[in-house]
Amino acid sequence: MAGGGDGGCPSAEPEGEAAVACEALRLLRIEPSAVGPSAGRAGGAARCSRNVLRKRRRWERVLAAKRGKRRQERERSRARRAEGPGAASRDGGRAPAALVKERLLEARASGPRLCVDLGVADRMSLKETSRLASQIRRLYGANRRAQKPFWLCLTEFVVGSLIYEECFRMNDGFSNYLMDTTQESYLDLFPLDIIVYLTPDSENVLEDIDPKKVYVLGGLVDESIHKKLTLQRAQEQSLQTARLPIREYMVKNVNTKNYHSETLAINQVFDVLSTYYETRSWPAALKAGVSSGKGYVLPDTVK
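Residues numbered from 1 in each chain as written. Predicted model: local features only at pLDDT ≥ 70, side-chain atom pairs only at ≥ 80, totals over all residues. Heavy atoms only, no water.

### With respect to the overall build of the protein chain
Put simply, the rule is: Helix numbers and strand numbers start at the N terminus; a helix is a DSSP run of H or I with at least 4 residues, a strand a run of E with at least 2. Each residue gets one of three labels from its accessible area relative to the maximum for its type: buried under 20%, exposed over 50%, partly exposed in between, using a 1.4 Å probe on protein chains only. We call two residues in contact when some of their heavy atoms are within 4.5 Å. To be clear on the numbers: accessible area is Shrake-Rupley with a 1.4 Å probe, and residue cover counts the displayed protein chains and nothing else.
A count of helices and strands for the protein chain gives 13 helices and 8 strands. Here the protein chain, with 303 residues, has 39% of them falling under the buried criterion. In the protein chain, once contacts between residues fewer than 6 apart in sequence are set aside, the share between residues at least 24 apart is 76%. Of the accessible surface of the protein chain, which amounts to about 17,900 Å², a share of 50% is contributed by carbon and sulfur atoms.

What follows is the structure in structure tokens.
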């Protein structure tokens, strides 16, 4: 048995990588002698056909892949040892993915909730819709990383619509996102008195985040010019509105274009909300979500 199954591999050859090489050669149906140092003496260059060279290169790739895999395993082992024996027990032995799922499900049960209103998405071009799909991906990723996440919901997410197609086209694993998607409106899902529509055009300042409330963001990219569209939509629906306290905590920064805007991308608004919900600090929250390109900075950063 031992002599018939090794494909002619010399018995004196050391184990380890040599054994792996022999096995790879056997699987590729290459005699070791065809690629060994004796090949030249046995048959010269005539035996070194293109087919053999091609198989030899394939064999080298197999070996390289095996070495890379072993190297990665060693690095993971070193990382686990560096974390120490108590690393797993600090989180009850649960994997990070399990903790993320647990936090998200807690948010679904107790709030707060954040809806992205896609009932206005049909006003955008294909380019703008693609950008919105990308912002939804970044928003979801930030929520997964949050210690105190929101429960997310895409409302009026109509099957076959452009935003529907773009979300699935651009975002790998979108169907597995831990959030709600529905073709219904938030008006059909929640009582009016707990809905707060966040719009930069509101006269009301958002002072705190209430886990019992449902916050709504208009699904429009920040480049789109739709003056007061979300405010008008909220007023027509008799909803409470609020804006981020940008003017209250930030100052206008001098820039060459004299540009100042309180209109943020939905993922930037979420960064503000998420950071505030964790830190209860509006300056820290606004610093996290409002880029200097918007023309606003915190007072202590003005030179």
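### Quick notes on empty space enclosed by the protein
To keep it simple, the criterion reads: Any residue with an atom within 4 Å of a point lines the site, the site being either a cavity, points on a 1 Å grid over the protein atoms alone where a 1.4 Å probe fits but cannot get out, or a pocket, an open set with protein on both sides within 12 Å along at least 5 of 7 lines. Grid points are joined across faces, edges and corners, and a volume is the space filled by probe spheres set on the points. Nonpolar residues are Ala, Val, Leu, Ile, Met, Phe, Trp, Tyr, Cys and Pro. Charged residues are Asp, Glu, Lys and Arg, and all others, Gly as well, are polar.
Applying the stated criterion across every chain yields a total of 1 cavity of 30 Å³ or more. Considered as a void within the structure, the largest cavity measures approximately 40 Å³ in volume. Listing elements by their share of the lining of the largest cavity, those giving two or more residues are helix H7 (126–145) and strand S2 (151–155). Take the lining of the largest cavity: its biggest share by element is 3 residues, from H7. When its residues are assigned to classes, the lining of the largest cavity shows 8 nonpolar, no polar and no charged.

### Quick look at the sheet that holds strand S1 (residues 113–117)
Short version of the rule: In this description, strands pair whenever DSSP reports at least two bridges between them.
Across the sheet, 6 strands lie side by side as S3-S2-S1-S5-S4-S6; this open sheet has parallel pairing. Two strands in the sheet have a free side with no partner beyond their single neighbour: strand S3 (180–181) and strand S6 (240–242). Where S1 and S2 come together, 5 bridges link them in parallel fashion. Looking at S2, one finds that Arg-113 is bridged to Trp-151.

### Section: the confidence of the model for the protein chain
Heads up, the rule is: The predictor's confidence in any single residue is recorded as pLDDT, a number from 0 to 100.
Model confidence for the protein chain is summarised by a mean pLDDT of 82, while 75% of its residues fall at 70 or above. Throughout residues 37–42 the model reports pLDDT below 50, and contacts reaching past four residues in sequence, or to other chains, amount to 5 contacts. Contacts of residues 87–93 to residues separated by more than four positions or lying in other chains number 4 contacts, the stretch itself having pLDDT below 50.

### Quick word on the environment of Glu-262
Filter applied, for reference: Two N or O atoms count as a polar contact when they lie within 3.5 Å, although within protein this holds only if one can serve as hydrogen donor and the other as acceptor, and sequence-adjacent residues are included solely when both atoms are side-chain atoms.
Tracing the backbone through its elements, the reader meets Glu-262 in the loop between strand S7 (251–252) and helix H12 (266–279). Given a relative accessible area of 17%, Glu-262 falls into the buried group. Note: C-alpha distance between Glu-262 and Leu-244 (18 residues apart in sequence) is 8.4 Å. Once residues within four sequence positions are removed from consideration, Glu-262 is found in contact with Pro-200, Arg-243, Ile-246, Arg-247 and Tyr-296. For Glu-262, the side chain forms a polar contact with the side chain of Arg-247, separated by 2.6 Å.

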